[in-house]
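Here is how the chains run, residue by residue.
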Amino acid sequence: MAAVRGLSLTAATQKVVTHWPKGRLLAASLGLRARREASSSSPEAGEGQIRLTDSCVQRLLEITEGSEFLRLQVEGGGCSGFQYKFSLDTVINPDDRVFEQGGARVVVDSDSLAFVKGAQVDFSQELIRSSFQVLNNPQAQQGCSCGSSFSVKL
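These notes cover the structure that comes with them.

The rules we used
- Per chain, residue numbering runs from 1 following the sequence as it is written.
- Per-residue local features are limited, in this predicted model, to residues with pLDDT of at least 70; the limit for side-chain atom pairs, both in listing and counting, is 80 or more; totals at the level of whole chains, interfaces and linings are taken over all residues.
- Computation of side-chain values covers all heavy atoms of the structure but excludes hydrogens and water.
- Runs of H or I in DSSP of at least four residues are treated as helices and runs of E of at least two as strands, each being numbered from the N terminus.
- Note on exposure labels: buried denotes an accessible area under 20% of the residue type's maximum, exposed denotes more than 50%, and partly exposed covers the range between, all computed with a 1.4 Å probe on protein chains only.
- Should any heavy atoms of two residues lie within 4.5 Å, those residues are considered in contact.
- Throughout this description, the term salt bridge denotes a Lys or Arg side-chain nitrogen within 4 Å of a carboxyl oxygen of Asp or Glu.
- Two strands make a pair as long as DSSP finds a minimum of two bridges between them.
- Inter-axis angles, ranging from 0 to 180 degrees, are taken between N-to-C directions of lines fitted to C-alpha atoms, where helices are fitted over the stretch in contact.

Scanning the protein chain from N- to C-terminus turns up 2 helices and 12 strands. Counted from the first residue to the last, the protein chain has its helices and strands arranged as β-β-β-β-α-β-β-β-β-α-β-β-β-β. Looking at the protein chain as a whole, 46% of its 154 residues qualify as buried. Considering only intrachain contacts with a sequence separation of at least 6, the fraction spanning at least 24 residues in the protein chain is 57%.

As a further point, take the pattern of salt bridges. As a working rule, side chains carrying opposite charge can pair if their charged atoms are close by. If you walk through the whole model with that rule in mind, you get 5 salt bridges. Across the salt bridge formed by Arg-71 and Asp-96, the nearest N and O atoms sit 2.8 Å from each other. Of the two residues, Arg-71 is situated in strand 5 (residues 69-76) and Asp-96 in strand 7 (residues 96-101); the sequence distance between them amounts to 25 residues. No difference in accessibility class separates Arg-71 from Asp-96, as the two residues are buried. Residues participating in the shared-partner salt-bridge network are Arg-71, Asp-89 and Asp-96.

Here the focus is the environment of Phe-132. Mapped onto the elements, Phe-132 comes out in strand 10 (residues 130-135). Classification of Phe-132 by relative accessible area gives buried; the value is 0%. Counting along the chain gives 47 residues from Phe-132 to Lys-85, while the straight-line C-alpha distance between them is 9.7 Å.

To continue, consider unusual backbone geometry. A negative phi angle characterises most non-glycine residues, just as the trans form characterises most peptide bonds. Its identity is not glycine, yet Asn-136 carries a phi of approximately 50°, on the positive side. Position of Asn-136 relative to the elements: it lies in the loop between strand 10 and strand 11 (140-143).

Below, the discussion takes up the sheet that holds strand 10. Ordered in space as 4-9-10, the 3 strands form an open sheet in which the pairing is mixed. Edge strands, defined here as strands with exactly one partner in the open sheet, are strand 4 (51-52) and strand 10. One ladder, built from 2 bridges, connects strand 4 with strand 9 (residues 120-125); its direction is parallel. Residue pairing in the sheet places Arg-51 in a bridge with Gln-120 of strand 9. Lying on the sheet, helix 1 (residues 54-63) is in contact with strand 4, strand 9 and strand 10; it crosses strand 9 at an angle near 75°.

Rendered as structure tokens:
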């Protein structure tokens, strides 16, 4: 994926900050840390859907330009076996599913979708960090205490 501008997140890295053109700043974080209720600007998602919170939609509209979207991937690694990876991308592959809400797009490949279907993508702002996070993932059995990885239900 040569078009990916990105945020490569590893188990040892909980936050990556990338400077974008025109002084834009994007921070991404791994996350199953908070099991909080977050509002969504669309009705409850069905099976195999990804919901975006209002804060996620707002932030994506601020940082994306043209055909850019947020790509969510699941990779092997971390304390519990799997971890999330967020990146900005412009190329949609044949096996990708596109989830659009309020003009913001999140794209998930079919392999990763099996691990996040029914989950919610949020953008959280705290004093020490701002990050995209996956919340309320029905496919996750548990996360590690550091909040940077998860294991799946069997």
